[in-house]
Amino acid sequence: MPYPTTLKASEVSLASHDVDAVFIFILAIAGFFFVLTQGLLIYFAIRYRKKKGVEEATPYITGNHALEVVWIVIPSLLLVAIFVYGLTVFIKMRTPLPNAAEIQVTASQFTWSFKYPDGRSVANELRLPLGQPVKLIMISRDVIHGFFIPAYRQKQDVLPGSYTYLWLLPKQAGTYDIYCSQYCGTGHSLMRATLIVMPQPQYQAWVAAELQKQQAGAQSPAERGKALFESAGGGGCHSIDGSPKVGPTLKGIFGSRVTLTTGQSVVADEEYLRESLEEPNEQVVQGFQPIMPSFRGSLKQDEIAALIAYMKTLK
Amino acid sequence: MADHPNTSLPEDRGYLSEHGFRSWALTMDHKRIGVMYIWTTLGFFVVAGILALLLRLKLLVPGPALFSDHTYNVLFTMHGAMMIFLFIIPAIPSALGNFFIPLLIGCRDVAFPRLNLFSYWIFVAGIAVTVGTLAAPMDTGWTFYTPYSAQTSAAVTALSFGLFLIGMSSILTGLNFIVTIHTMRAPGMGWYRMPLFIWAMYATSVIQVLSTPVIGITFLLLAAERVFGIGFFDPAKGGDPLLFQHFFWFYSHPVVYVMILPAMGIVSEVVPVFARKPIFGYKAIAYSALAIALIGFLVWGHHMFVSGMSTVAGVIFSFLTFFVAVPTGMKIFNWIATLYKGSITFESPMLYALSFIFLFIIGGLTGLFLGALATDVHVHDTYFLVAHFHYTMMGGTVMGLFAGLHYWFPKMTGRMFNETWAKSAWWLVVSGFNVTFFPMFILGMQGMPRRYAEYPAKYQALNVVATVGSWFLALGVIIMFANFIKSLRNGPLAPDNPWRGLTLEWQTTSPPPEENFHEIPTVTDWPYGYGSRNEAPRE
Ligand code: HEM
Ligand SMILES: [Cu+2]
Ligand SMILES: [Cu+2]
């Protein structure tokens, strides 16, 4: 997908078009001063360079009050204009939208989790219906993160211990990147998610299908574990295909022999996996950082069992 | 070599006559202390520069490469922290300031020479502690944002202590300079006869004395939180993480002026000398330095528009921010106007001074996008910001420093450097710099966040360009330093006043004697009386 830069005033969301307009406005002013100052700098440097061998007398000019006033007043006025324009669009971005659907966003090292009004939660993928205003209510489980949708020109830090908000208004169907913009640790650059904007009918169909899957209930423990793995964000740090991420891969983990940072080597049995979920930093695999959050309390015992069942299937 | 008349050892090596470790380590001569600061800070510039080259090397490819993501994070933290705290903050003020403030105002030393030596050694102690923390490498970024910095296993506490010591050195040096400038000017040197470098150093010292205690307190609170578990910033303990950011930027914003004002002072000295013209708008330049220093204390919140700070606060900070742009713009216009009808020559100090103006204009104008609320929301914490501050800090301050090093090299060492090599180095530095950092503006506009060890593949092309640029930049810097080091031994002897400058340091020998001037000069005019006065005097 060709990537929209700030100069292609794009109408994809609430404020993207306006932000780009401000950008272009500033660019025009900055461009004017760029050409003026660099032009004079280079012109004077060439025009008044010392000619071969001749030491020319230079005039004794020490200043000029009128000029001094001009270059205080004119830039000041333009700066105020930039300030006001930037301010108006900023206020627009931060003004609550009526009838906004509320979505809870929880950030944790290094996963985004989105909880929909109907109670479903999904990791690292946010689906929104076209044209529907949305209010994101965001909080972090650990350190500060930053929720950033470049195509929407919107960004907001996500804090532990207090909510921050973001209003979205998707105006074009498509798939967009979501990044973490506030440095949050080892996996910061991999803390990415996807925003999928769908036309209303498709979106409804998707919701219905998801709900049905959920109600089908009678999942096997391994299936349930797979769903938990995805919704709790295990995939943010661990791959299931053998490639290393922030944490070790889970492919073939069950029954394998792992070497710990202490040099000890242990077999990854059920007990080892349980401990890795509840006390993750007691036993850390060599080559990795002790950064995994503990799931004690947030996962029930049968959920942990389901996760272990799932890990057994990752051959 | 020895039989070449120009390069034979001179009889009188001035303040450099004495040899041996003690003659340096225990010296109270501001010039020798200045030289020690130069070696120390440039040493860290080289180390942090090598780290930067490693960072860039890794960014050649979008995915995992070369070293782990964690190592990348450690490296950018060390690169940033060293560049800021060990190089750019002390580089011009403590190094060139120490050497040249007494020479430019015509006195024999700073007001408190013993304190000056003490400042140097606590600076070294601070460095020792800071570098000692490498045993448990830190990965918080140079901004140390809580709660991450309070949770990571790294040695933030020890580091805080190191930076505390370095900060103390800044405060003492600043005080020393303020007193020196107030009380020790040569007879006849009223305030408006002071060189503009002195005005700049005065404003800088005021900022250092007023703002550095805040960072000291901040780091102490951070240490208290980690060691005693008192919750100041960690919400889990009932603290407020934004409080840390306010504290941090209350110091770190004014400090960007500690970085830039001295460089502006150097440019204000160099431009008139090589244009053979009086500086245009002396008072405007002098007072704009003070204005920048004062307004600079009121704008820290512009680093926090998307941090969760209230909308109203954002609006106020944005408004104030634009006001710093006015005095900054004035200086640029004044320098350019100084060139008008000059008789300009382009020796390396002038080339670097002009590059400062050229690059700083770009750095300053891109600041408008960051100061305006709507656009900052998009480009904040992206590569746009990385490009912006490298244009101001490296394109600005470092070019100013290079201008100063070339300008004053003959005075400091008594030797001339090789101008041809200096010019080739300059070409590489300036073109390499632009190839490295300009693409980052575009990357940032396209949304690539900063501090990204791995990045989506669509950003690769421009990252490759930037990395290749960094090699040219590095080559230029290597040539520049090699030229300096070779000239220290073999350069032709420098005349007392190679650039025909009018400031006082050129009236003494190169290198100056230990007491600076055999006889303290009496000042009868301002230091920018170039040009012929009977030709249309104006004011
Ligand atoms: C020698 C040329 C330089 C190169 C190639 C370079 C390159 C870089 C790179 C690649 C980053 C990491 C960006 C990221 O991942 O977010 C960075 C960050 C940084 N650089 Fe440089 N840099 C150079 C010189 C300087 C200088 C001279 C200064 C200041 C005086 C400086 C100050 C910083 C700071 C403060 C950071 C931010 C670190 C952080 O995010 O915590 N750099 N630089
Ligand atoms: Cu992050
Ligand atoms: Cu700032």
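Just so you know, these numbers come straight off a predicted model, no measurement behind them. (Residues numbered from 1 in each chain as written. Chains lettered and ligands numbered in written order. Predicted model: local features only at pLDDT ≥ 70, side-chain atom pairs only at ≥ 80, totals over all residues. Heavy atoms only, no water.)

(A) Quick look at the pattern of salt bridges. Residues and elements named next belong to chain B. Following the criterion strictly, the structure yields 10 salt bridges over all chains and no others. In this structure, Lys58 engages Asp69 in a salt bridge whose closest nitrogen and oxygen atoms are separated by 3.3 Å. Linking Lys58 in helix 2 (residues 30-58) with Asp69 in helix 3 (residues 69-105), this pair joins segments that are 11 residues apart in sequence. Residues Lys58 and Asp69 agree in their burial class; the two are buried. Of the charged contacts in the structure, one is a salt bridge between Lys423 and Glu419, with a shortest N-O distance of 3.1 Å. One end of the pair, Lys423, and the other, Glu419, are both in helix 14 (residues 419-445), four residues apart, so they sit about a helical turn from each other. Its relative accessible area of 30% is what places Lys423 among the partly exposed residues. Overall, Glu419 belongs to the partly exposed group, its relative accessible area being 22%. (Salt bridge = Lys/Arg side-chain N within 4 Å of Asp/Glu carboxyl O. Helix = DSSP H or I, 4+ residues; strand = E, 2+ residues; numbered from the N terminus. Buried < 20%, exposed > 50% of the residue type's maximum accessible area, 1.4 Å probe, protein only.)

(B) How the structure looks around the sheet that holds strand 7 (residues 154-158) of chain A. Residue and element names in this part refer to chain A. With respect to topology, five strands assemble into an open sheet ordered 4-10-9-6-7, the strand pairing being mixed. Taken across any chain shown, the strands that pair with only one partner, and hence form the sheet edges, are strand 4 (125-129) and strand 7. Strand-to-strand twist in this sheet, taken as the mean axis angle between neighbours without regard to direction, amounts to 20°. Strand direction decides the pairing type here: strand 6 (residues 145-149) and strand 7, joined by five bridges, are antiparallel. Bridge assignment links Phe147 to a residue of strand 7, and that residue is Gln156. (Pairing = 2+ DSSP bridges. Axes fitted to C-alpha atoms, helices over the stretch in contact; angles between N-to-C directions.)

(C) How the structure looks around the interface of chain A and chain B. Facing 80 residues of chain A, the contacting portion of chain B comprises 97 residues. Carbon and sulfur atoms make up 68% of the area that chain A and chain B hide from each other, which totals about 7800 Å². Area buried by chain A at its contact with chain B is led by Tyr60(A), Ile61(A) and Tyr183(A), which between them contribute 11% of it. The interface formed by chain A and chain B holds one salt bridge in total. For the salt bridge of Asp177(A) with Lys458(B), the shortest nitrogen-to-oxygen distance reads 2.2 Å. Per-element tally for the side of chain A that touches chain B: the top contributor is helix 2 (residues 65-94) of chain A, with 17 residues. A breakdown of the residues in the side of chain A that touches chain B according to their chemical character gives 45 nonpolar, 23 polar and 12 charged. (Contact = heavy atoms within 4.5 Å. Buried area = accessible area lost by both parts, 1.4 Å probe. Nonpolar A, V, L, I, M, F, W, Y, C, P; charged D, E, K, R; others polar.)

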